[in-house]
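Observations on the model geometry
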Amino acid sequence: MPVKNRFAELLPEITAWRRDFHENPELDYDVHRTAGRVAELLRAFGVDEVTEGIGRTGVVGVIKGRSDSQGRVIGLRADMDALPIAEKTGVDYASKNPGVMHACGHDGHTAMLLGAAKYLAETRNFDGRAVVIFQPAEEGGGGGRAMVEDGLVERWGIQEFYGMHNMPGYPVGSFAIREGAMMAATDQFDIVVTGKGGHAAKPHEAIDTTLVAAQIIVALQSVVSRNVDPLKSGVISVCVVQTDSTAHNVIPQVVTLKGTARSLAPEVRDQLEDGIARIATNTAAAFGAQAEVQYERGYPVTMNDPQSTVYAAEVARSVAGDVNTEMAPLMAGEDFSYMLNARPGAYIFVGNGDTAMVHHPAYNFDDNAIPAGSSWYAGMAEARMPLG
């Protein structure tokens, strides 16, 4: 595949972009330096249209093919934001921003799509328009939703979306994908338990909120084990237990629980939300306490369109040979789901080798994955919009 040869040539240049992004990570929507650099490079490549400020700080570039006989428009997306983690990689291009690092490889995703944009602007071997999308705030900020709500689909007439993420543990440059549910819906909940505070030596005069909270934590696990179909997936994790007192001898008046609920199907999502509220309120009532539950729905399920998955796998196969098309779904979330809810498309993983897992302070993107990733991005535009 000629794309692979070109990206081997471009590897030092793309690697330099990636390491510059790595050295200068930015959080959430505050990706002004990164977005500015992306826009600067796209213009230098000769991209036909470059628009900044979509979804607050997103960047969109349009590359016109040699012809446009069918009115085809394909969207290719990468994320730009980093994480609030102190870096422990020891590399000479480590983060210069204390407490912030590219611990998920978004620097690599951005660089790979920039490489694809450079190639597509050089060659234009397709019939239609390739829209390259650089998104802020994937790590919890909902930048994908913000870009869609800002008119991404309608303004550029995007018909299909394709996105990619690196995956530690898979061989460098290999690919994995599945049709249907690829990543989970990611919701969060707060449970505020109110009882009657008191002296720890006189528990009979209090309503012990720590005991009530402990019972709720244990009972919540029954929602998945006893309400959800065993052949379907659900996760409830309580991750924070916070009392209004830190004293050793005080029964607190209030205990707050915070956690996450993950699911791969709409009916399971409903069961988790209903079950958390039911268990928390009724358990608290059984002890004479009260529980107030706030449940917030986050990213939807990342759902790969079946036919788009076939297209994505075919291009990956042309780049890397064999492709795993039956990878297990992940219970992590991804806001590319908002784009896939707006138009059909697919999300694929590219191998990052034997590295630390994403969101770990020792994680680093493997630059050797760049030729494969850039080839796939560019290949999707050429395959979905072939020249006649």
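Reference entry: report on the structure contained in this document. Starting afresh in each chain, residues are numbered from 1 along the sequence in its written order. Where totals are concerned, whole chains, interfaces and linings use all residues; where local detail is concerned, this predicted model gives features only for residues with pLDDT of at least 70, and gives and counts side-chain atom pairs only at 80 or more. Side-chain numbers here rest on the full set of heavy atoms in the structure, without hydrogens or water.

Looking at the pairing of strand β4 (residues 129-135)
Applicable threshold: Relative accessibility decides the category of a residue: with a 1.4 Å probe and only protein chains considered, values under 20% of the type maximum give buried, values over 50% give exposed, and everything between is partly exposed. Starting at the N terminus, helices and strands are each numbered in turn, a helix being any DSSP run of H or I of at least four residues and a strand any DSSP run of E of at least two. One requirement defines pairing of two strands: DSSP has to find at least two bridges between them.
Extensive coverage of β4 is indicated by the burial of six of its seven residues. Judged from the six bridges that link them, strand β2 (residues 58-64) and β4 form a sheet pairing that is antiparallel. Opposite G61, over in β4, you have V132 as the bridge partner. As judged from the seven bridges shared by strand β3 (residues 73-79) and β4, these two strands associate in the parallel manner.

A closer look at the sheet that holds strand β15 (residues 345-351)
Condition: Any two residues whose heavy atoms approach within 4.5 Å are treated as being in contact. Axis definition: a line fitted to C-alpha atoms, limited for helices to the stretch in contact. Angles are taken between N-to-C directions and run from 0 to 180 degrees.
Reading across the sheet, the seven strands line up as β1-β2-β4-β3-β5-β15-β6 and stay open at both edges, with mixed pairing between neighbours. The two strands at the open ends of the sheet, each matched to only one other strand, are β1 (49-54) and β6 (175-176). Packing against the sheet, helix α2 (residues 32-45) makes contact with β1, β2 and β4, and its axis sits at approximately 170° to β1. Contacts from helix α8 (residues 306-320) reach β5 (160-167), β6 and β15, with the element oriented near 30° to β15.

Observations regarding the state of the cysteines
Put plainly, a disulfide is one covalent bond tying together the sulfur atoms of two cysteines. Definition in use: Two cysteine sulfur atoms form a disulfide, by the criterion used here, when they sit within 2.5 Å.
With the rule as written, the count across this model stands at zero disulfides. No disulfide involves C104; its sulfur sits 17 Å from the nearest other cysteine sulfur, which is in C239.

What to know about helix α6 (residues 209-226)
For the record, the criterion: Given a helix with a known number of residues, its expected span is that number minus one, times 1.5 Å. Note: the arc covers the axis-to-C-beta directions of the helix.
In this model α6 runs 25 Å from its N-terminal to its C-terminal C-alpha over 18 residues, within 8% of the 26 Å that 1.5 Å per residue would give. Listed in full, the buried residues belonging to α6 are T209, V212, A213, I216, L220 and V223. Taken down its axis, α6 places every buried residue within 95° of arc, on the same side. Looking at α6, the residues exposed on the side facing more than 90 degrees away from the buried face are V218 and R226. Along its buried surface, α6 packs onto β8 (185-194), β10 (234-243), β11 (250-251), β12 (254-263) and α7 (266-286).

Quick look at the pairing of β5
Buried residues dominate β5, accounting for eight of its eight residues. Here β5 shows two buried faces, one formed by E160, Y162, M164 and N166 and the other by F161, G163, H165 and M167. Taken together, the four bridges between β3 and β5 define a ladder with parallel strand orientation. Bridge pairing links L76 to Y162 in β5. Sheet topology places β5 next to β15; seven bridges connect them, and they run parallel.

Points about the pattern of salt bridges
The condition is simple: By salt bridge we mean one thing: a side-chain nitrogen of Lys or Arg within 4 Å of a carboxyl oxygen of Asp or Glu.
Across all of its chains, the model carries 19 salt bridges by this definition. As a salt-bridge pair, R18 and D107 come within 2.8 Å of each other at their nearest N and O atoms. Here R18, found in helix α1 (residues 2-23), pairs with D107, found in helix α3 (residues 106-123); they are 89 residues apart in sequence, far enough to count as distant. The class of R18 is buried, set by a relative accessible area of 0%. Since its relative accessible area comes to 1%, D107 is described here as buried. Two residues, R384 and E160, come together in a salt bridge whose shortest N-O distance is 2.7 Å. Of this pair, R384 sits in helix α10 (residues 370-384) while E160 sits in strand β5; the two residues are 224 residues apart in sequence, bridging distant segments of the chain.

Let's talk about the sheet that holds strand β13 (residues 290-299)
In spatial order, the strands read β10-β12-β8-β13; together these four strands make up an open sheet with antiparallel pairing. Every other strand in the sheet has two partners, leaving β10 and β13 as the edge strands with one partner each. In this sheet, neighbouring strand axes are inclined to one another by 20° on average, regardless of whether the strands run parallel or antiparallel. Contacts from α6 reach β8, β10 and β12 within the one sheet, and its direction differs from that of β10 by about 170°. The sheet strands contacting α7 are β8, β10, β12 and β13, and the helix crosses β13 at an angle near 165°.

Digging into the packing of α6 against α7
Condition: Here is the rule for handedness: rotate from the far helix to the near one, and if that takes an anticlockwise turn smaller than a right angle the crossing is left-handed, while a clockwise turn gives right-handed. Three classes are used: nonpolar for Ala, Val, Leu, Ile, Met, Phe, Trp, Tyr, Cys and Pro, charged for Asp, Glu, Lys and Arg, and polar for all others, with Gly counted as polar.
α7 packs onto α6 with a crossing angle of 150° between their chain directions and a minimal axis gap of 9 Å. At the point where α6 passes α7, the crossing takes the right-handed sense. Residue-level contacts link V212, Q215, I216, A219, L220, S222, V223 and V224 of α6 to Q271, L272, G275, I276, I279, A280, T283 and A284 of α7. Its residues assigned to classes, the contact of α6 with α7 shows 11 nonpolar, five polar and no charged.

Let's talk about the environment of E292
Summarising the element assignment, E292 is placed in strand β13. With a relative accessible area of 49%, E292 lands in the partly exposed category. Each C-alpha atom of the pair E292 and Y170 lies 43 Å from the other, and the pair is 122 residues apart in sequence. Look past the residues within four positions of E292 in its chain and what remains in contact with it is D190, I191 and V192.

Considering α7
In a regular helix each residue adds 1.5 Å, so 21 residues correspond to 30 Å; α7 covers 30 Å between its end C-alpha atoms and thus fits that length. Packed against the buried residues of α7 are β8, α6, β10, β12 and β13. Once α7 ends, the next one or two residues include G288, with phi positive near 85°.

Section: the nonpolar core
Selection criterion: The criterion is simple. A nonpolar core is a set of buried Ala, Val, Leu, Ile, Met, Phe, Trp, Tyr and Cys residues joined through side-chain atoms within 4.5 Å.
In this structure, L42, L76, F134 and W376 are the most contacted members of the largest nonpolar core, which totals 85 residues. Here this core gets nine residues from one element, more than from any other, and that element is α3. For F134, the contacting residues outside a window of four places in its chain are V38, L42, G58, V59, A78, M80, T110, L113, L114 and M147. Counting 23 residues, the second largest nonpolar core, distinct from the first, contains V223, L257, L272 and A289.

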